[in-house]
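The chain contents come next:
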Amino acid sequence: MANPKMKRKPLVVVTRKLPDVIETRMMELFETRLNLDDRPLSQAELIRAVKEADVLVPTVTDRIDSAILSQAGENLRLIASFGTGVDHIDLATARTRGITITNTPGVLTEDTADMTMALILAVPRRLSEGERVIRSGNWTGWSPTSMLGNRIWGKRLGIVGMGRIGSAVARRARGFGLSVHYHNRRRVHPDLEAELEATYWDSLDQMLAHMDIVSVNCPHTPATYHLLSARRLKLIRPHSYIVNTSRGEVIDENALARALESGAIGGAGLDVFEHEPAINPKLLKLDNVVLLPHMGSATIEGRVDMGEKVIVNIKTFADGHAPPDRVIETMY
Ligand code: 8YV
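Just so it is clear, the structure is predicted and the values come from calculations on it, not from any experiment.

With respect to topology, seven strands assemble into an open sheet ordered S8-S7-S6-S9-S10-S11-S12, the strand pairing being parallel. The sheet is open, and its two borders are formed by strand S8 (198-200) and strand S12 (289-291), each paired with just one other strand. With strand direction ignored, the average angle separating the axes of adjacent strands in the sheet is 20 degrees. Where strand S11 (residues 267-270) and S12 come together, three bridges link them in parallel fashion. Bridge pairing links Ala 268 to Val 289 in S12. Sheet contacts for helix H5 (residues 109-122): strand S6 (156-160), strand S9 (213-216), strand S10 (241-244), S11 and S12; angle to S10, the most-contacted strand, approximately 160 degrees.

Here's what the structure looks like:
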């Protein structure tokens, strides 16, 4: 049965360039408006999009707030976001306007966990610094005391947020000889805890004070905004490292930059930033941080899988069924 509120071929507006194979399939299935030059839409263009579309396909770079949603046309029934995090969408306003939200969970778990692990290795072992020495042309050769980092094996990893990605990081970490610790809103199932050999810390403060490496893997929600606040960052020991592949907003970035600058925290690996794409200038000056341009899930395979999920969500909705990846506000 076709969704009574939706025309046979819904007008789908996609805000950024997606993999060709996904765009081609979308064109076959829907009346699709693409953004081939990939320029992020302005506020005015986003408003035009929500006024006209039956389905909007935004990404993390589009802020779908109440100002935008209040301009949405009657036709806009589905926002099928290309990505897992939904912190760029005002879920409460969407709900009151009867707009369904979907995301693309699961398909970027392993890629993001790989990138997290890459940062967990890169920061203590000074990978970026080493690369910079080579490229500067100033490398004078091996010495017993140059480029000394810290051993990974035998250290304690504290995972903040033991969801899909946190668990995938834990599995990798075991192979590198890290002991796994975690803090989560809810303790995970005993079977998963046993499989991951993970120690649960009810108190985030206590966990932070005892870890060698802290990995942020929770979503950004009102409850996790600045979860790693200036006060909590002070609990982290001076030799310890922080890695963040989740959302910049979970850490008070200014306080983190200050702590890294003063040596109160040993180093950081950051794939996400509080005010993307702006980077705190203090971070750029520091040698003990590895900075990446939000590329945790950036694999060709992952992007195609994400696109497939978006298509399935739109198609099932248009056909009158409940799309598989509905985002329920209370999940966040
Ligand atoms: C995506 C992400 O690339 O899915 C997420 O939540 O952070 C990224 O890995 C991005 O969101 C695409 O919109």
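Let us keep going from here.
S6 sits mainly inside the fold: four of its five residues count as buried. Bridge count for S6 against strand S7 (residues 179-183) is five bridges, and the pairing is parallel. Of the residues in S7, the one forming a bridge with Val 160 is His 183. Following the backbone out of S6, through helix H7 (residues 164-175) and into the adjacent parallel S7, one traces a crossover that is right-handed.

As a structural note, the neighbourhood of the ligand is formed by Thr 59, Val 60, Phe 82, Gly 83, Thr 84, Gly 85, Leu 108, Arg 247, His 294, Ser 297 and Arg 303. Separating an oxygen atom of the ligand from a backbone N or O atom of Val 60 is a distance of 3.0 Å. Note that an oxygen atom of the ligand is positioned 2.6 Å from one of the side-chain N or O atoms of Arg 247. Burial of the ligand by the surrounding chains reaches 88%, relative to a free accessible area of 330 Å².

The subject of this paragraph is the pattern of salt bridges. Using the criterion set out here, one finds 21 salt bridges in the structure. Between Asp 38 and Arg 16 there is a salt bridge, and its shortest N-O distance comes to 2.9 Å. Note that Asp 38 is positioned in the loop between strand S2 (31-33) and helix H2 (43-52) and Arg 16 in the loop between strand S1 (11-14) and helix H1 (20-29), a separation of 22 residues in sequence. Judged by relative accessible area, which is 15%, Arg 16 ranks as buried. For Glu 52, the salt bridge is made with Arg 48, and the minimal N-O distance between the two is 3.4 Å. Highlighted residues: Glu 52 and Arg 48, both in helix H2, separated by four residues, approximately one helical turn. In this structure Glu 52 comes out as partly exposed when scored by relative accessible area, which is 31%. A relative accessible area of 52% places Arg 48 in the exposed class. Taken together, the salt bridges that share partners define one network made up of Lys 17, Asp 20 and Glu 23.

Sheet architecture is open: five strands sit in the order S2-S1-S3-S4-S5, paired in parallel fashion. In this open sheet, the two strands that pair with only one neighbour each are S2 and strand S5 (100-102). Direction aside, the axes of adjacent strands within the sheet are offset by 20 degrees on average. Direction of pairing for S1 relative to strand S3 (residues 55-57): parallel, over a ladder of three bridges. Across the sheet, residue Val 13 finds its bridge partner in S3, namely Leu 56.

Across the interface, H1 lies against helix H13 (residues 300-318) with an axial gap of 9 Å and an inter-helix angle of 15 degrees. Looking at the two axes, H1 sits roughly parallel to H13. Judged by the sense of rotation from one axis to the other, the crossing of H1 with H13 is right-handed. Seen from H1, the contacting residues are Val 21, Ile 22, Arg 25, Met 26 and Leu 29; seen from H13, they are Val 304, Gly 307, Glu 308, Val 310, Ile 311, Ile 314 and Lys 315. Looking at the contact of H1 with H13 residue by residue, the class counts come to eight nonpolar, one polar and three charged.

This paragraph deals with the packing of aromatic side chains. Counted according to the given criterion, the structure contains one aromatic pair. A ring pair is formed by Tyr 182 and Tyr 200, whose centres lie 5.1 Å apart and whose planes are at 45 degrees; its orientation type is tilted. In this pair, Tyr 182 is assigned in strand S7 and Tyr 200 in strand S8, connecting sequence segments 18 residues apart. Each member of the pair, Tyr 182 as well as Tyr 200, is classed as buried.

Taken as a whole, the protein is organised into domain 1 (11-107 + 299-318) and domain 2 (109-291). Averaged C-alpha coordinates put domain 1 and domain 2 at centres separated by 31 Å. Taken together, the contact between domain 1 and domain 2 spans eight residues of the former and six residues of the latter. Buried area between domain 1 and domain 2, both sides added, is near 580 Å², and the carbon and sulfur share of it is 37%. It is Asp 87, Gly 106 and Thr 299 that lose the most area in domain 1 upon contact with domain 2, and together they represent 60% of the buried surface on that side. At the junction of domain 1 with domain 2, the criterion picks out one salt bridge. A salt bridge links Asp 87 to Arg 247, with the nearest nitrogen and oxygen atoms 3.1 Å apart. Our enumeration of links across domain 1 and domain 2 arrives at four residue pairs in polar contact (both at pLDDT 80 or more). Broken down by class, the residue content of the side of domain 1 that touches domain 2 amounts to three nonpolar, four polar and one charged.

Criteria and thresholds
- Residues numbered from 1 in each chain as written.
- Predicted model: local features only at pLDDT ≥ 70, side-chain atom pairs only at ≥ 80, totals over all residues.
- Heavy atoms only, no water.
- Pairing = 2+ DSSP bridges.
- Helix = DSSP H or I, 4+ residues; strand = E, 2+ residues; numbered from the N terminus.
- Axes fitted to C-alpha atoms, helices over the stretch in contact; angles between N-to-C directions.
- Contact = heavy atoms within 4.5 Å.
- Buried < 20%, exposed > 50% of the residue type's maximum accessible area, 1.4 Å probe, protein only.
- Right-handed = clockwise from strand over helix to strand, strands pointing away.
- Near = heavy atom within 4 Å.
- Polar contact = N/O pair within 3.5 Å; in protein donor to acceptor, adjacent residues only side chain to side chain.
- Areas by Shrake-Rupley, 256 points an atom, 1.4 Å probe, with all protein chains shown as cover.
- Salt bridge = Lys/Arg side-chain N within 4 Å of Asp/Glu carboxyl O.
- Parallel < 35°, antiparallel > 145°, perpendicular 65-115°, else oblique.
- Left-handed = near helix turned anticlockwise from the far one by under 90°.
- Nonpolar A, V, L, I, M, F, W, Y, C, P; charged D, E, K, R; others polar.
- Phe/Tyr/Trp six-rings, centres within 6.5 Å; stacked < 30°, edge-to-face > 60°.
- Domains from an automatic or database assignment.
- Buried area = accessible area lost by both parts, 1.4 Å probe.

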